[in-house]
Amino acid sequence: MHYGRDALVGAAMVLQHLANLEQSLSELVATLPRYAIVKHKLPLDNLDVDRALQRLAERYAHARISTIDGLKIDLDEGWVHLRKSNTEPILRIYAEARTPDKPPHWCSGLLTN
């Protein structure tokens, strides 16, 4: 913990880490895994969001599930997070996986069946 400004402290910590490693930022980034992320919005219309999220949690009960701020389904190949917007009548859907073909598969049809 540090009582400084988050962004400035974070930048200083990254710079210190780079100095310790004697690497450039691009060299460090090249060592990190890459992920594909997808962001979708689904209009709520007459959707019972709570029921839909409950059904999804039941459908993916074999996965690691979190119900903090909506529903997050964490699978070995990636994760998907669905949450009702606090400012718009939409459901926000975020998904991330190591390959670009995984998140769209999760996002399409998640609330059907």
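See the structure shown above.
Criteria and cut-off values
- Residues numbered from 1 in each chain as written.
- Predicted model: local features only at pLDDT ≥ 70, side-chain atom pairs only at ≥ 80, totals over all residues.
- Heavy atoms only, no water.
- Helix = DSSP H or I, 4+ residues; strand = E, 2+ residues; numbered from the N terminus.
- Buried < 20%, exposed > 50% of the residue type's maximum accessible area, 1.4 Å probe, protein only.
- Contact = heavy atoms within 4.5 Å.
- Areas by Shrake-Rupley, 256 points an atom, 1.4 Å probe, with all protein chains shown as cover.
- Pairing = 2+ DSSP bridges.
- Salt bridge = Lys/Arg side-chain N within 4 Å of Asp/Glu carboxyl O.

Student: I keep staring at the overall build of the protein and nothing clicks. Help me out?
Tutor: Of regular secondary structure, the protein possesses four helices and five strands. In sequence order, the secondary structure elements of the protein are arranged as α-α-β-α-β-β-β-β-α. Put simply, the protein has 113 residues, and 28% of those count as buried. Once local pairs closer than 6 in sequence are excluded, the contacts in the protein between residues at least 24 apart make up 46%. For the protein, the accessible area works out to roughly 8,300 Å², and carbon and sulfur atoms hold 54% of it.

Student: Looking at this structure, how should I read the pairing of strand 5 (residues 90-97)?
Tutor: Successive residues of a regular strand alternate their side chains across the two faces of the sheet. When you tally the buried positions in strand 5, you get six out of eight residues, the bulk of the element. As paired elements, strand 1 (residues 36-43) and strand 5 share eight bridges and run antiparallel to each other. Looking at strand 5, one finds that K39 is bridged to Y94. As paired strands, strand 4 (residues 78-84) and strand 5 are joined by seven bridges and run antiparallel to one another.

Student: Would you take a moment to explain unusual backbone geometry for this structure?
Tutor: One can expect most non-glycine residues to show negative phi and most peptide bonds to be in trans. One non-glycine residue, E22, lies in the positive phi region at around 55°. Look at E22 and you get exposed, because its relative accessible area is 73%. Unlike most non-glycine residues, D45 shows phi in positive territory, near 45°. Looking at where D45 falls in the secondary structure, it is placed in the loop between strand 1 and helix 3 (49-59). D45 gets classed as exposed once you look at its relative accessible area, which sits at 68%.

Student: Looking at this structure, I do not really get the pattern of salt bridges. What am I missing?
Tutor: As a working rule, side chains carrying opposite charge can pair if their charged atoms are close by. The final tally for this structure, using the stated rule, is four salt bridges. The shortest N-O distance in the salt bridge between D69 and R83 comes to 3.1 Å. One end of the pair, D69, is in the loop between strand 2 (64-66) and strand 3 (71-75); the other, R83, is in strand 4, with 14 residues separating them in the sequence. R92 serves as the salt-bridge partner of E88, at 2.8 Å between the closest nitrogen and oxygen. Beyond isolated ion pairs, a larger network of salt bridges with shared partners links R64, D74 and D76.

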